[in-house]
There are 4 protein chains.
Amino acid sequence: MSLAELSTRLRVFAAARDWEQFHTPKNLAMALSGEAGELLSLFQWLTPEQATRAMSDPDLAAKVEDEIADVFLYLTRLADVLGVDLVEVAHAKIDRNETRFPRIKDA
Amino acid sequence: MSLAELSTRLRVFAAARDWEQFHTPKNLAMALSGEAGELLSLFQWLTPEQATRAMSDPDLAAKVEDEIADVFLYLTRLADVLGVDLVEVAHAKIDRNETRFPRIKDA
Amino acid sequence: MSLAELSTRLRVFAAARDWEQFHTPKNLAMALSGEAGELLSLFQWLTPEQATRAMSDPDLAAKVEDEIADVFLYLTRLADVLGVDLVEVAHAKIDRNETRFPRIKDA
Amino acid sequence: MSLAELSTRLRVFAAARDWEQFHTPKNLAMALSGEAGELLSLFQWLTPEQATRAMSDPDLAAKVEDEIADVFLYLTRLADVLGVDLVEVAHAKIDRNETRFPRIKDA
């Protein structure tokens, strides 16, 4: 399914629960940051090596997927409320980064 | 463009700069959270009403788009490194949320 | 009790649990940010007015105190591990801010 | 200098700039989390070993001290606005943690 469909599904979800009043840019930015913090907490006591193998532990993998989903849902909802096209701004940012950080090898 | 294409573009971007060594799950979760914090800081002193009108101020709009892009880029990269399908886990999470939070009206 | 005593108590607490191996600057900065995110989440759906009255709700007040404590504990521990004097750097920062942001009225 | 003096200094600083209107619990929690994210970003691409030696690099040390100060200032200000005694809630939390996490060796 596409990002546009996900965005629409979230819009309908919020409307059906009368949550649009809570979904201001300020509140959604807070929720996004809070979920990013929960994702962070899953990795905080792991060594880099343990974190790299996170998805081979089913319990941890389920938590990681859940937190990644939460971050993505709030990001998608925030972009929708602000009228920002996520994929478009992402590519525009990579365009700028390609100038800022020259490639050092073929890949 | 699709999410899969964005993910591939980021993978090539990292490889061409020899950055794969830095793109561990732990480091990417930190970068994601740091960018979410920068996005947050754009809204922190605004009233809810000012934050809602953020995109009508061209300077602020450009900063918001830039930070949203950064959050999305690190989230996409983290999901790729972990082998997580962003759209799939997002829909699975909404499925669970539909059970947890019953709709209160038609929408 | 003083900040120095708190710092010492945390050092002893970590040593008695063999947690010093986990208390690297990187991990503690992650834990600090994660706890700041949990504190944030307590306020995210509240209006500014509701957030201002947070401490008059005993359940919410207990949660706020708990998250503020967690942020402070990780900040104190991080400062100790890095050899940073919290109160000293705080005053140095206010000194700089007093130059950056001139006062507009007597207070 | 004590925490109480720091708290008072910040209160006077805010009043002299007419910033009390911005220093709501919600906004201060956002500012705190944003600064925690900036602190995080200083460590994100470092190996655990590099992060442990952060303070031996004068430029990085100055940035770390600056971000730690910012986190502490917003935490102190938030606690003051909410009427929370930082040191008291910190010790109360360690009391609870001592029960939750038994010591495994003398220290």
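Residues numbered from 1 in each chain as written. Chains lettered and ligands numbered in written order. Predicted model: local features only at pLDDT ≥ 70, side-chain atom pairs only at ≥ 80, totals over all residues. Heavy atoms only, no water.

As recorded by an unreviewed UniProt entry, chain A carries the name Nucleotide pyrophosphohydrolase and is attributed to Kibdelosporangium aridum.

Caption draft 1: Layout of the overall build of chain A. In terms of helices and strands, chain A carries five helices and zero strands. Its helices and strands in sequence order give chain A the pattern α-α-α-α-α, from N to C terminus. In terms of principal-axis extent, the alpha carbons of chain A reach across some 45 × 40 × 25 Å. Across the 107 residues that make up chain A, the buried fraction comes to 55%. In chain A, the share of contacts with a sequence separation of at least 24, taken over all contacts with a separation of at least 6, comes to 68%. Per element, the accessible surface of chain A, about 4800 Å² overall, is 51% carbon and sulfur. For chain A, the centre of its 12 positive side-chain charges and the centre of its 18 negative side-chain charges are spaced 5 Å apart. (Helix = DSSP H or I, 4+ residues; strand = E, 2+ residues; numbered from the N terminus. Buried < 20%, exposed > 50% of the residue type's maximum accessible area, 1.4 Å probe, protein only. Contact = heavy atoms within 4.5 Å. Areas by Shrake-Rupley, 256 points an atom, 1.4 Å probe, with all protein chains shown as cover. Lys, Arg positive; Asp, Glu negative; His and termini not counted. Charge placed at Lys NZ, Arg CZ, Asp CG, Glu CD.)

Caption draft 2: Here's a closer look at the interface of chain D and chain C. Taken together, the contact between chain D and chain C spans 60 residues of the former and 60 residues of the latter. Taken together, both faces of the contact between chain D and chain C bury some 5600 Å²; the carbon and sulfur share is 72%. Contact with chain C buries area across many residues of chain D, yet D:R9, D:K26 and D:H91 alone supply 11% of it, more than any other trio. Taken together, the links from chain D to chain C amount to 10 salt bridges. For D:K93, the salt bridge identified is with C:D70, shortest N-O distance 2.8 Å. (Buried area = accessible area lost by both parts, 1.4 Å probe. Salt bridge = Lys/Arg side-chain N within 4 Å of Asp/Glu carboxyl O.)

Caption draft 3: Fine view of the relation of the copies chain A and chain B. Mapping chain A onto chain B calls for a rotation angle of 180° and an axial translation of 0.0 Å; the resulting RMSD is 0.0 Å. Such a combination of turn and shift is consistent with a two-fold rotation axis. If distances are taken from each C-alpha of chain A to the rotation axis, the shortest is found for A:S33, at 3.3 Å. (Least-squares fit on C-alpha atoms with pLDDT ≥ 70 in both.)

Caption draft 4: How the structure looks around helix α1 (residues 3–16) of chain A. With 14 residues, α1(A) should reach 20 Å at 1.5 Å per residue; the first-to-last C-alpha distance of 20 Å fits that figure. Among the residues of α1(A), A:L3, A:L6, A:S7, A:L10, A:F13, A:A14, A:A15 and A:A16 are the ones counted as buried. Those residues of α1(A) that are buried lie in contact with α4 (58–82) and α5 (86–100) of chain A together with α1 (3–16), α4 (58–82) and α5 (86–100) of chain B. Just past α1(A), the residue A:D18 takes up positive phi, approximately 60°. (Expected span 1.5 Å × (residues − 1).)

Caption draft 5: Structural context of the relation of the copies chain D and chain C. Superposition of chain D onto chain C requires a rotation of 180° combined with a translation of 0.0 Å along the rotation axis, giving an RMSD of 0.0 Å. By residue overlap, the copies meet face to face through one surface: 100% of the interface positions of chain D are interface positions in chain C.

Caption draft 6: Summary view of the interface of chain A and chain B. Counting residues at the interface gives 59 residues for chain A and 60 residues for chain B. Both faces combined, the contact of chain A with chain B buries some 5600 Å², and carbon together with sulfur accounts for 72% of it. Considering only the side of chain A, the residues that lose the most area to chain B are A:R9, A:K26 and A:H91, jointly responsible for 11% of the buried surface there. On inspection of chain A and its partner chain B, the count reaches 10 salt bridges. Connecting chain A to chain B are 20 residue pairs in polar contact (both at pLDDT 80 or more). Mapped by element, the contributors of at least two residues to the side of chain A that touches chain B are α1, α2 (25–43), α3 (48–52), α4 and α5 of chain A. In terms of residue count, the dominant contributor to the side of chain A that touches chain B is α4(A) (12 residues). Counted by class, the side of chain A that touches chain B contains 39 nonpolar, seven polar and 13 charged residues. (Polar contact = N/O pair within 3.5 Å; in protein donor to acceptor, adjacent residues only side chain to side chain. Nonpolar A, V, L, I, M, F, W, Y, C, P; charged D, E, K, R; others polar.)

Caption draft 7: Spotlight on the packing of aromatic side chains. Scanning the model with the defined rule gives 14 aromatic pairs over all chains in all. Look at A:W45 and C:Y74: their rings are 6.0 Å apart centre to centre, the planes differ by 45°, and that puts the pair in the tilted class. Within this pair, whereas A:W45 is found in the loop between α2 and α3, its partner C:Y74 is found in helix α4 (residues 58–82), the two belonging to separate chains. You can call C:Y74 buried: its relative accessible area is 19%. Consider the rings of A:F72 and B:F72, whose centres lie 6.1 Å apart with planes at 0°: the pair is stacked. Of this pair, A:F72 sits in helix α4 while B:F72 sits in helix α4, on two different chains. For the residue pair A:F72 and B:F72, the accessibility class agrees, reading buried in each case. Here the aromatic residues A:F13, A:W19 and B:F101 are joined through ring pairs into a cluster of three or more. Positioned above the aromatic ring of A:F13, the side-chain terminus of A:R17 is 3.7 Å from the ring centre. (Phe/Tyr/Trp six-rings, centres within 6.5 Å; stacked < 30°, edge-to-face > 60°. Lys NZ or Arg CZ within 6 Å of the ring centre and 35° of its normal.)

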